[in-house]
Amino acid sequence: MTCPDDPFPVLPSDRAELFAAAATEYDRYRPSVPAEATELPADALRDLPDPTLPDPGTGTGQVPRTPLKTLPSLACIEGVDRSRPMLDQARASLMPVLGNCALGLGRTSADVCRPLAPLPEEERWTPGLITCCRTCHWTSGPDVLAMAHRIAAPQASPAIMGDGSPRTHDADWTRTLRDPIQRHLGPGQCAGVLDDHPKPLRPFQEETADSAWSDASEYRFPVTRSWTPKTVLGCPRTTSIAGADLFAERHTAFGEEAQALLHELADDGSLLEEALFTVLLTRRPAGAR
């Protein structure tokens, strides 16, 4: 199977470059995806010949990296994202570990996922697994699920994955950090526009129940993360709520104030986050297509 590389031909939306400035720091400061969380859905590919893995909203390609290590038969990864810098970073991080696996990257929305070039009939593009991680709040759930239904193999298992972040974790140090963020940006500032951060209309569990993928199982993986004041302040720079460009000339003052506060709360230099990484593994009901 071949999967030609795409020079990002699709025009972006108005949100396309929200994370452009953060692309190079994304892998440095964003927590990695737990290996066990990707090994679970990757089982759906083990018995398929030349399996293809689409990853809508791939960002810097964090999710496909783990299956590459455990699935030597993986034939092709196709990642889509609206941000060109994110896709450039995904290419840089995935290329050294691809082996015989082909890589296709497309600049488009998460609900548009398709082969990047026509394939011969004997090489039909029928993914057995579709992953969507930490991007659901930026997408239309019904559209993503409908896209998966159109392209996926009969036995496919779309996996919706995600967790919290220091912004949503409730601890003394996270509450302390929110105060200077809100003071320097304003209480509603997010994604560069007041109250502009997208909010899911319904929990994804409800959306899957009303879709072709109504046979869903939820798996939870507790994760303890150890942060330092430096990495805590690096992580918001990779988000839409507190990117460095939003602070403009206030960024230095914010950083100095926040770092001083975090150093006071760090225990031997560490700030702990008890996170819960969730995998919603979905299937079509038995007999359905």
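Each remark here, short or long, concerns the structure printed above.
Residues numbered from 1 in each chain as written. Predicted model: local features only at pLDDT ≥ 70, side-chain atom pairs only at ≥ 80, totals over all residues. Heavy atoms only, no water.

### Some words on the packing of helix H2 (residues 35–42) against helix H3 (residues 62–70)
Move 1: Between H2 and H3, the least distance of the axes is 9 Å, while the angle of their chain directions is 70 degrees. Looking at the two axes, H2 sits roughly perpendicular to H3. Classified by chirality, the crossing of H3 by H2 is right-handed. Of H3, the residues touching H2 (which contributes Ala 35, Thr 38 and Glu 39) are Val 63, Thr 66, Pro 67 and Thr 70.
Move 2: When grouped by side-chain class, the residues that make up the contact of H2 with H3 number three nonpolar, three polar and one charged. (Axes fitted to C-alpha atoms, helices over the stretch in contact; angles between N-to-C directions. Helix = DSSP H or I, 4+ residues; strand = E, 2+ residues; numbered from the N terminus. Parallel < 35°, antiparallel > 145°, perpendicular 65-115°, else oblique. Left-handed = near helix turned anticlockwise from the far one by under 90°. Contact = heavy atoms within 4.5 Å. Nonpolar A, V, L, I, M, F, W, Y, C, P; charged D, E, K, R; others polar.)

### Observations concerning the sheet that holds strand E2 (residues 76–81)
Move 1: Read across the sheet, three strands follow the order E1-E2-E3 without closing on themselves; strand pairing throughout is parallel. Two strands in the sheet have a free side with no partner beyond their single neighbour: strand E1 (52–56) and strand E3 (102–107). Taking each pair of neighbouring strands and ignoring which way they run, the sheet shows an average axis angle of 15 degrees.
Move 2: The sheet contact formed by E1 and E2 spans five bridges and is parallel. Its bridge partner being in E2, Thr 52 is matched across the sheet by Cys 76.
Move 3: Here H3 sits on the sheet and contacts E1 and E2; the angle it forms with E1, its principal contact strand, is near 160 degrees.
Move 4: The strands touched by helix H4 (residues 84–94) are E2 and E3; relative to E3, the strand with the most contacts, the crossing angle is about 170 degrees. (Pairing = 2+ DSSP bridges.)

Bear in mind that shape data such as this cannot, by itself, settle questions of function.
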